[in-house]
Amino acid sequence: TASAQSILQEHENGTLARVFTTPTPHATILAGKFLAVGLTVIIQMTTLVLFSVFVFGIRWGAPLSVALAVLGTVATSATMGIFINSLLKDTRQGGAIFGGLLTITGMLGMMPIFTQGLSTRPPALDIISLFVPQGWAIRSLFQAVEGESVVVSVLVLLAISVIFFIVGIRQFA
């Protein structure tokens, strides 16, 4: 969301409105922002995965499954940033919203991580975590590690991404 906040900054400064007056469709402009944020996130995730492999010896599973899980996570991260920023009025709201919202959704989504290894882990926690995109991202990574198919989880992440992107476009229009 912080990377996508440049959209909100441009909206405040009036530069986004000027760009939107050109014949370039709003979707194309926001797709460019999505690609910029997406590239940033993909570099971050790839670096973290490779670092964890080489420094800590973590085995992530089949490279294709990990790549798909990372792709779904990156798409959702980038479009979630566009979506959240499209709902804000100005950058002053960003700090509180980003901090609070991402902390809550992150904690909900990562419940399977926090409760991993508990002898009495309630199965409902896995279901509750799927109410937020972070839960699907964590699920896809767990599936990759365990050698399970990540296809459904990645498709859900991509569907969430499409919804976030469409809502973001409509809100900025």
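The structure we're discussing is the one just above.
It should be emphasised that the depicted structure is a prediction, and the values quoted were computed from it without experimental measurement. (Residues numbered from 1 in each chain as written. Predicted model: local features only at pLDDT ≥ 70, side-chain atom pairs only at ≥ 80, totals over all residues. Heavy atoms only, no water.)

1. So, the side chain of threonine 76
The line we're drawing: Under the DSSP-based scheme used, a helix requires at least four consecutive residues in state H or I and a strand at least two consecutive residues in state E, with every element numbered from the N terminus. We call two residues in contact when some of their heavy atoms are within 4.5 Å.
Checked against the element boundaries, threonine 76 lands in helix 4 (residues 63-87). Excluding anything up to four places from it in sequence, threonine 76 contacts Pro133, Leu157, Ile160, Ser161 and Phe164.

2. Digging into a nonpolar patch on the surface
To keep things clear, this is the line we draw: Like charges within 9 Å and nonpolar side chains (Val, Leu, Ile, Met, Phe, Trp, Tyr) within 5 Å are joined into patches, using only residues over 30% in relative accessible area that form no salt bridge. Here the Shrake-Rupley method, with its probe set to 1.4 Å, supplies the accessible areas, and only the displayed protein chains count as covering residues. Each salt bridge in this description consists of a side-chain nitrogen of Lys or Arg and a carboxyl oxygen of Asp or Glu lying within 4 Å of one another. Classification of residues uses two cut-offs on accessible area relative to the type maximum, computed with a 1.4 Å probe and protein chains only: under 20% is buried, over 50% is exposed, and between them is partly exposed.
Among the surface-exposed residues, Leu50, Phe51, Val53, Phe54, Val55, Phe56 and Ile58 lie close enough to one another that they form a single nonpolar patch of about 710 Å² accessible area. Tracing the sequence through the fold places isoleucine 58 in the loop between helix 3 (26-56) and helix 4. Residue classification places isoleucine 58 among the partly exposed residues on the basis of a relative accessible area of 37%.

3. Considering the environment of glycine 94
Its place among the elements puts glycine 94 in helix 5 (residues 91-109). Since its relative accessible area comes to 0%, glycine 94 is described here as buried. For the pair glycine 94 and glycine 109, spaced 15 residues apart in the sequence, the C-alpha separation amounts to 21 Å. Apart from the residues within four sequence positions on either side, glycine 94 is in contact with Gln5, Leu88 and Gly99.

4. Here's the deal with the packing of helix 4 against helix 5
In helix packing, the relevant descriptors are the interaxial angle and the interaxial distance, both defined with respect to the helix axes. Note the following rule: Whenever a helix is involved, its axis is fitted only over the stretch in contact; in every case the axis is a line through C-alpha atoms, and angles between N-to-C directions fall within 0 to 180 degrees. Any angle from 65 to 115 degrees is called roughly perpendicular, while one under 35 is roughly parallel, one over 145 is roughly antiparallel, and all others are oblique. The crossing is said to be left-handed when, going from far helix to near helix, the turn is anticlockwise and less than a right angle, and right-handed when the turn is clockwise. Following the grouping adopted for this structure description, the nonpolar residues are Ala, Val, Leu, Ile, Met, Phe, Trp, Tyr, Cys and Pro, the charged ones are Asp, Glu, Lys and Arg, and the polar ones are all others, Gly among them.
Two numbers describe how helix 4 lies on helix 5: the axes approach to 12 Å, and their chain directions differ by 130°. Between helix 4 and helix 5, the interaxial angle falls into the category oblique. In the packing of helix 4 onto helix 5, the handedness of the crossing is right-handed. Note on element contacts: helix 5 touches helix 4 through Ile97, Phe98, Leu101, Leu102 and Thr105, opposite Met80, Ile84 and Asn85. A per-class count over the contact of helix 4 with helix 5 returns six nonpolar, two polar and no charged.

5. Examining the nonpolar core
What counts is decided by this rule: Buried residues of nine kinds, namely Ala, Val, Leu, Ile, Met, Phe, Trp, Tyr and Cys, make up a nonpolar core once their side-chain atoms join them within 4.5 Å.
In this structure, Val37, Val41, Met45, Val49, Val66, Val70, Val74, Ala78, Ala144, Val150 and Val154 together form the largest nonpolar core, which totals eleven residues. When residues of this core are traced back to their parent elements, those giving at least two are helix 3 and helix 4. By size, the runner-up hydrophobic cluster in this structure holds ten residues, among which are Met80, Leu88, Phe98 and Leu157.

6. Focus: the packing of aromatic side chains
Heads up, the rule is: Any Phe, Tyr or Trp ring, taking Trp's six-membered ring, that has another such ring centre within 6.5 Å forms a pair; planes under 30 degrees apart are called stacked, those over 60 apart edge-to-face, and the others tilted.
Counted under the stated rule, the structure contains two aromatic pairs. An angle of 75° between the planes, with centres 5.9 Å apart, marks the rings of phenylalanine 51 and phenylalanine 56 as edge-to-face. Among the residues examined, phenylalanine 51 registers a relative accessible area of 46% and is labelled partly exposed. An angle of 15° between the planes, with centres 4.7 Å apart, marks the rings of phenylalanine 83 and phenylalanine 164 as stacked.

7. Quick word on helix 3
As a reminder of what qualifies: Every helix has an expected span of 1.5 Å times one less than the residues it contains.
For helix 3, built from 31 residues, the straight-helix expectation of 45 Å at 1.5 Å per residue is met to within 8% by its first-to-last C-alpha distance of 43 Å. Among the structural elements, helix 1 (5-13), helix 2 (15-20), helix 4 and helix 9 (151-172) are those in contact with the buried residues of helix 3. Count one or two residues on from helix 3 and you reach glycine 57, which has phi positive near 70°.

No statement about biological role is implied by the geometric values presented.
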